[in-house]
Amino acid sequence: LLVATLVVVGLSIPQASAAFKYLHEGMQAPQVTGVDLVSGNDVSMEKLNEGRVVVIVFWATWSERSLEQLQALQNMATTYAGKSVQFVAVNVDGDEISPAAEQQIKRLVSEMQLSFPVIIDRGLKNFYEYGVIAVPSTAILDTAGILRYGPAGFSLTTRDLIVDSVEVLLVLRAR
């Protein structure tokens, strides 16, 4: 009950996000653009949102917590399959990604069997537009593209708050 109350309060009062320097909860989120490593399709906010809750994680291969979070998001993607939620992973390994590093990222995505779009943030454009403070960082957007929750880092508590936030936004649980 306490966690649900904290989520409701967090979703209803605009506040500074722990994950993003300039983006605050209650603000319209910047565009996310890139090319999905698996399908080769363009990824854009319009395609992601389309009336869905969107969960974006900024991650890096060198961050163990990022890899744990990707696995947790894959579990959520499986749990919420068929619901109006879209997950996307934005790799922020560096400004420039060598062909060898890109192959390593693709191999990791394949090994983890991620079923959602994964993009490499070339030039860290998305990273800077969001003002990412820590890796991993997560942006949970409502169906209108408004940031509702933005935790930095990843822990069991963060995972539970992400699940709670998604379920509240999907109206799978009461506010």
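Residues numbered from 1 in each chain as written. Predicted model: local features only at pLDDT ≥ 70, side-chain atom pairs only at ≥ 80, totals over all residues. Heavy atoms only, no water.

Some thoughts on the packing of helix H3 (residues 64-79) against helix H6 (residues 156-169)
Where H3 meets H6, the axes come as close as 11 Å, and the angle between the chain directions of the two elements is 30°. By the angle class used here, H3 and H6 are roughly parallel. Remark: the crossing between H3 and H6 carries right-handed chirality. Touching Gln69, Ala72 and Met76 of H3 are Arg159, Ile162, Val163 and Val166, all from H6. Residue classes in the contact of H3 with H6 are distributed as five nonpolar, one polar and one charged. (Axes fitted to C-alpha atoms, helices over the stretch in contact; angles between N-to-C directions. Helix = DSSP H or I, 4+ residues; strand = E, 2+ residues; numbered from the N terminus. Parallel < 35°, antiparallel > 145°, perpendicular 65-115°, else oblique. Left-handed = near helix turned anticlockwise from the far one by under 90°. Contact = heavy atoms within 4.5 Å. Nonpolar A, V, L, I, M, F, W, Y, C, P; charged D, E, K, R; others polar.)

Focus: the nonpolar core
Grouped together as the largest cluster of nonpolar side chains are 29 residues, with contacts concentrated most on Trp59, Leu70, Val85, Phe87, Phe116, Val118 and Val166. Looking at this core, the elements with two or more residues in it are strand E3 (53-59), H3, strand E4 (85-91), helix H4 (99-112), strand E5 (118-120) and H6. Tallying contributions element by element places H3 first for this core, with five residues. Not counting residues within four places of it along the chain, the set of residues in contact with Val166 comprises Val55, Met76, Tyr80 and Val85. Formed by 22 residues, the second largest nonpolar core is a distinct cluster that contains Val54, Phe58, Val88 and Val90. (Core = buried A, V, L, I, M, F, W, Y, C linked by side-chain atoms within 4.5 Å. Buried < 20%, exposed > 50% of the residue type's maximum accessible area, 1.4 Å probe, protein only.)

Some thoughts on the confidence of the model for the chain
Put simply, the chain has an average pLDDT of 88, and 90% of its residues get 70 or more. Low pLDDT, under 50, characterises residues 1-16; the predicted model gives this stretch 17 contacts beyond four residues in sequence or across chains. (pLDDT = per-residue confidence, 0-100.)

Structural notes on the pattern of salt bridges
Scanning the entire structure with this criterion turns up nine salt bridges. Arg65 serves as the salt-bridge partner of Glu68, at 2.9 Å between the closest nitrogen and oxygen. One end of the pair, Glu68, and the other, Arg65, are both in helix H3, three residues apart, so they sit about a helical turn from each other. Looking at Glu68, the relative accessible area reads 33%, which means it is partly exposed. On the basis of relative accessible area, Arg65 is assigned to the partly exposed category, the value being 43%. One salt bridge connects Asp164 with Arg173, and the closest N-O pair in it is separated by 2.6 Å. (Salt bridge = Lys/Arg side-chain N within 4 Å of Asp/Glu carboxyl O.)

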